[in-house]
Amino acid sequence: MREIVGIGACVFDTLISLPHYPKEDTKMRATGSKAAGGGPTATGLVAAAKLGEAAAYLGVLSSDSGGSFLKGDFEKYGVATDLIEVKSGYRSFASVLWLCADTTTRTCVFDKGNLPPLELNEKQIEAIKNAELLMVDGNEMDAAVSIERRIAAMKKIYDAGIRTVCFVSPVFPGITDLEAIFERVHNQCDLFWLENLNLRGGFKKTIIISTGTNCLYISITIDRKTYISELIFFGKN
């Protein structure tokens, strides 16, 4: 039995290291490059496997070079691939990331490819039922159902005894209603995860000025019990 199964993004990343961002319509020599697997769920599964957990990916990959690399990368780190459906004639989800040394920032350009949405088969459904933890992300948005239906599905999974995580990302000051989200899901998930707003590039200063702050104090209290009390920093002025 696989303790952890995952459904979501599996991306063929090309990482390019640069001393600084190039000017438009010029050439620059990179300081390094490498291929890597990426995507929130895929990365989470590899991390779990490295920690000794039995993990498996459920999804659709292409038979092209990117898909072959991703499947091999899972196998390299001990993530089971027998629940993956490999399809020919499709283009893999791929991205190119510029990693800039002088600003310590990254720029990502991605191509989602044209793989069809995942349609769970009986073997995959059985694997989900038997798992201790199901990991998902927002990759299947084109075939996604409403938020209410996703929350209802979370409850069914939780009631079936499978651990669930509600991952809220990013937390945007003045927009993300954390208390309302927590109130809605705290009785049907085991963990409530938050990710800060990652400020990069030219919009960083604009966001900080618009919100009037670069941090957010979170304190969620329900029935006189405080569940979260944390200060999240969004970046330096």
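All of these numbers come straight from a predicted model, not from anything done at the bench. (Residues numbered from 1 in each chain as written. Predicted model: local features only at pLDDT ≥ 70, side-chain atom pairs only at ≥ 80, totals over all residues. Heavy atoms only, no water.)

Enquirer: Please clarify how the overall build of the chain should be interpreted in this entry.
Expert: Scanning the chain for helices and strands turns up six helices and 13 strands. Burial analysis of the chain (237 residues in total) assigns 33% to the buried set. Within the chain, contacts between residues at least 6 apart in sequence are counted, and of these 68% link residues at least 24 apart. Carbon and sulfur atoms make up 53% of the accessible area of the chain, which amounts to about 14500 Å² in all. (Helix = DSSP H or I, 4+ residues; strand = E, 2+ residues; numbered from the N terminus. Buried < 20%, exposed > 50% of the residue type's maximum accessible area, 1.4 Å probe, protein only. Contact = heavy atoms within 4.5 Å. Areas by Shrake-Rupley, 256 points an atom, 1.4 Å probe, with all protein chains shown as cover.)

Enquirer: Hey, could you run me through the sheet that holds strand S9 (residues 133-136) in this one?
Expert: Note on sheets: strands pair through backbone hydrogen bonds, and any given pair is parallel or antiparallel. Judged by pairing direction, the sheet is parallel, and its three strands sit side by side in the order S4-S1-S9 without closing on themselves. The open sheet has two edge strands, strand S4 (55-57) and S9, and neither has a second partner. Sheet twist, expressed as the mean angle between neighbouring strand axes with direction ignored, is 20°. Pairing of strand S1 (residues 4-7) with S4 involves three bridges; the strand directions are parallel. (Pairing = 2+ DSSP bridges. Axes fitted to C-alpha atoms, helices over the stretch in contact; angles between N-to-C directions.)

Enquirer: Teacher, can you tell me more about the sheet that holds strand S3 (residues 32-38) here?
Expert: Read from one edge of the open sheet, four strands run S3-S2-S7-S8, paired in mixed fashion. Both edges of this open sheet fall to S3 and strand S8 (105-111), since each of them pairs with a single strand only. Strand-to-strand twist of the sheet, defined as the mean angle between neighbouring strand axes without regard to direction, takes the value 20°. Strand direction decides the pairing type here: strand S2 (residues 11-18) and strand S7 (residues 94-100), joined by seven bridges, are parallel. Each bridged residue has a counterpart across the sheet, and for Thr-14 the counterpart in S7 is Val-96. Across the sheet, helix H2 (residues 65-77) lies against S2 and S3, angled at about 70° from S3, the strand it touches most.

Enquirer: Please clarify how the environment of His-186 should be interpreted in this entry.
Expert: In this fold, His-186 is placed in the loop between helix H5 (178-185) and strand S11 (191-196). Placed 21 residues apart in sequence, His-186 and Val-165 show a C-alpha to C-alpha distance of 9.8 Å. Within the structure, His-186 has its side chain in polar contact with the backbone oxygen of Glu-183 (distance 3.3 Å). A distance of 3.3 Å separates polar atoms of two side chains, one belonging to His-186 and the other to Asn-187. (Polar contact = N/O pair within 3.5 Å; in protein donor to acceptor, adjacent residues only side chain to side chain.)

Enquirer: Mind showing me how you'd approach the pattern of salt bridges here?
Expert: Two side chains carrying opposite charge are able to pair once their charged atoms lie near each other. Within this structure, the stated rule accounts for six salt bridges. A salt bridge links Lys-123 to Asp-82; the shortest N-O distance between them is 3.6 Å. In this pair, Lys-123 is assigned in helix H3 (residues 122-130) and Asp-82 in the loop between H2 and strand S6 (84-87), connecting sequence segments 41 residues apart. Classification of Asp-82 as partly exposed rests on a relative accessible area of 39%. Lys-87 is paired through a salt bridge with Glu-85; the nearest N and O atoms lie 3.1 Å apart. (Salt bridge = Lys/Arg side-chain N within 4 Å of Asp/Glu carboxyl O.)

Enquirer: Could you clarify how one ought to interpret the nonpolar core in this entry?
Expert: Judged by nonpolar contacts, the single largest core of 16 residues is most densely connected at Ile-4, Cys-10, Leu-45, Tyr-57, Phe-74 and Val-79. Ranked by the residues each element gives to this core, the list is headed by helix H1 (residues 40-50), at five residues. If we skip the residues at most four places from it in the chain, Cys-10 touches Gly-38, Ala-42, Tyr-57, Leu-61, Leu-70, Phe-74 and Phe-93. Formed by 13 residues, the second largest nonpolar core is a distinct cluster that contains Ala-80, Leu-83, Ala-131 and Ile-162. (Core = buried A, V, L, I, M, F, W, Y, C linked by side-chain atoms within 4.5 Å.)

Enquirer: Can you walk me through a nonpolar patch on the surface in this structure?
Expert: A cluster of nonpolar side chains, namely Phe-167, Leu-191 and Trp-193, defines an oily patch on the protein surface of about 310 Å² accessible area. The residue Trp-193 is located in strand S11 in this model. Assessed through its relative accessible area of 44%, Trp-193 is described here as partly exposed. (Patch = residues over 30% accessible without salt bridge, like charges linked within 9 Å, V, L, I, M, F, W, Y side chains within 5 Å.)

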